[in-house]
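Fold and geometry: a report
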Amino acid sequence: MTFTFRPLDPLRDAELLHGWLTHPKAAFWMMQDAKLEDVERAYMEVAADAHQEALLGLDEDGVPVFLMERYDPAHRELVGLYEPLAGDVGMHFLTPATDRLVHGFTRAVITAVMAHLFEDPAVERVVVEPDVTNKAVHALNEAVGFVPEREIQKPEKMALLSFCTREQFLLATGVSA
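Let us look at the structure shown here.

A word on the pattern of salt bridges. Note on pairing: side chains with opposite charge can pair once their charged atoms come close. Counting across every chain of the model gives 12 salt bridges. The partner of R76 in a salt bridge is D49, with the nearest N and O atoms 2.4 Å apart. Of this pair, R76 sits in the loop between β3 (64-71) and β4 (88-94) while D49 is found in the loop between α2 (36-47) and β2 (52-58), placing the two residues 27 residues apart along the sequence. Assessed through its relative accessible area of 12%, D49 is described here as buried. The closest approach of N and O atoms between E53 and R70, which form a salt bridge, is 4.0 Å. One end of the pair, E53, is in strand β2; the other, R70, is in strand β3, and 17 residues separate them in sequence. We classify E53 as partly exposed; its relative accessible area is 33%. Beyond isolated ion pairs, a larger network of salt bridges with shared partners links E77, E129, K154, E156 and K157.

Here it is, written out as structure tokens:
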């Protein structure tokens, strides 16, 4: 599977995102009760922030099939919860619910997301902080080279702070970025 990326347009893509984020499968995104305007507002804030960005992952036909967020952990999400290193970048990704499951799709998505992040030569390490109870994403993270460090208490959840260096990603996947 090959994916491309494009910046998310908070207004044009809000309806699509709203469907993805309010689906029960996306419970860990904590937007189940969000209205369309809430999604627009949240992603307009992301778009206006120099320390984060949202991208849509597109399939071979140019159809959006997942969401990726990149953030600077020295300024967003993890401020005061760990000591960020130069070259750290934070990441979230969401594969939406679908009626037609494709074996290996989510693993292909996280691999593409990681390769995309490591295309930036300034990125040395990717940081994630999924909910401690999200076992499915822990397994995916491990498959691409993440190593859990410790549990941390964020305002909205207990999270598993994990890191993946460029070398760990290459060893785990064979993909060089």
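After that view of the structure, there is still more to cover.
Let's shift gears to the packing of aromatic side chains. Ring pairs (aromatic) are described by centroid distance and by the angle formed between their planes. Evaluated as defined, the whole model comprises five aromatic pairs. When the centroid spacing of 5.7 Å and the interplanar angle of 80° are considered together, the rings of F5 and F66 count as edge-to-face. Taken together, the positions of F5 in strand β1 (residues 4-7) and F66 in strand β3 put the pair 61 residues apart, joining distant regions of the chain. Look at F5 and you get partly exposed, because its relative accessible area is 22%. Taken together, the ring pairs connect F3, F5, F66 and F105 into an aromatic cluster.

The subject of this paragraph is the side chain of D88. Tracing the backbone through its elements, the reader meets D88 in strand β4. Residue D88 is classed as buried on the basis of its relative accessible area, which comes to 10%. Engagement of the side chain of D88 in a polar contact is seen with the side chain of Y82, the distance being 2.7 Å. A distance of 3.0 Å separates a polar atom in the side chain of D88 from the backbone nitrogen of L85.

So, on to the pairing of β3. Within β3, six of the eight residues are buried, leaving the element largely enclosed by the surrounding structure. Two strands pair when backbone bridges link them, and β2 and β3 are joined in this way by seven bridges, in the antiparallel orientation. Bridging from a neighbouring strand, E53 pairs with R70 of β3. Count of turn residues in the β2/β3 antiparallel hairpin: five residues, of which G62 carries a positive phi of about 80°. Here five bridges tie β3 to β4, and the two strands are oriented antiparallel to one another. If you follow E69 over to β4, its bridge partner there is H92.

Across the sheet, which stays open at both edges, the seven strands sit in the order β1-β2-β3-β4-β5-β7-β6 with mixed pairing between neighbours. The sheet is open, and its two edges are formed by β1 and β6 (147-153), each paired on a single side. The average undirected angle you get between the axes of adjacent strands in this sheet is 30°. Packed on one face of the sheet, helix α5 (residues 166-173) meets β6 and β7 (158-165) and runs near 85° to β7.

Time to look at helix α1 (residues 14-21). Looking only at α1, the buried set comprises A14, L17, W20 and L21. Down the axis of α1, the smallest arc covering the buried residues is 125°, so these residues share one side.

Of note, the phi angle at E77 is positive, near 65°, even though the residue is not glycine. In this fold, E77 is placed in the loop between β3 and β4. Relative accessible area serves as the criterion here: at 35%, E77 is assigned to the partly exposed category.

The rules behind each value
Every residue gets a number counted from 1 within its own chain, in the order that chain's sequence is written. Reporting in this predicted model follows two pLDDT cut-offs: at least 70 for local features of residues, and 80 or more for side-chain atom pairs to be given and counted; totals over whole chains, interfaces and linings ignore these cut-offs and use all residues. Water and hydrogen atoms play no part in the side-chain values, which are based on all heavy atoms of the structure. By definition, a salt bridge exists where a carboxyl oxygen of Asp or Glu is found within 4 Å of a side-chain nitrogen of Lys or Arg. Going along the chain from the N terminus, every DSSP run of H or I of four or more residues is numbered as a helix, and every run of E of two or more is numbered as a strand. Each residue is assigned to one of three classes by its accessible area relative to the maximum for its type, calculated with a 1.4 Å probe on protein chains only: buried under 20%, partly exposed between the two thresholds, exposed over 50%. Each pair of aromatic rings taken from Phe, Tyr and Trp, with Trp reduced to its six-membered ring, is defined by centres within 6.5 Å and is described as stacked if the planes are under 30 degrees apart, edge-to-face if over 60, and tilted in the remaining cases. Contacts described as polar in this section are N or O atom pairs within 3.5 Å, which, within protein, must combine one atom able to donate a hydrogen with one able to accept it, while residues neighboring in sequence count only if both atoms come from side chains. At least two DSSP bridges between two strands are required for those strands to pair. Between N-to-C directions, angles span 0 to 180 degrees; the directions come from axes that are lines fitted to C-alpha atoms, helices contributing only their stretch in contact. Note on contacts: a residue pair is in contact if any heavy atoms of the two residues lie within 4.5 Å. Arc definition: it is the arc formed by the directions from the helix axis to the C-beta atoms.

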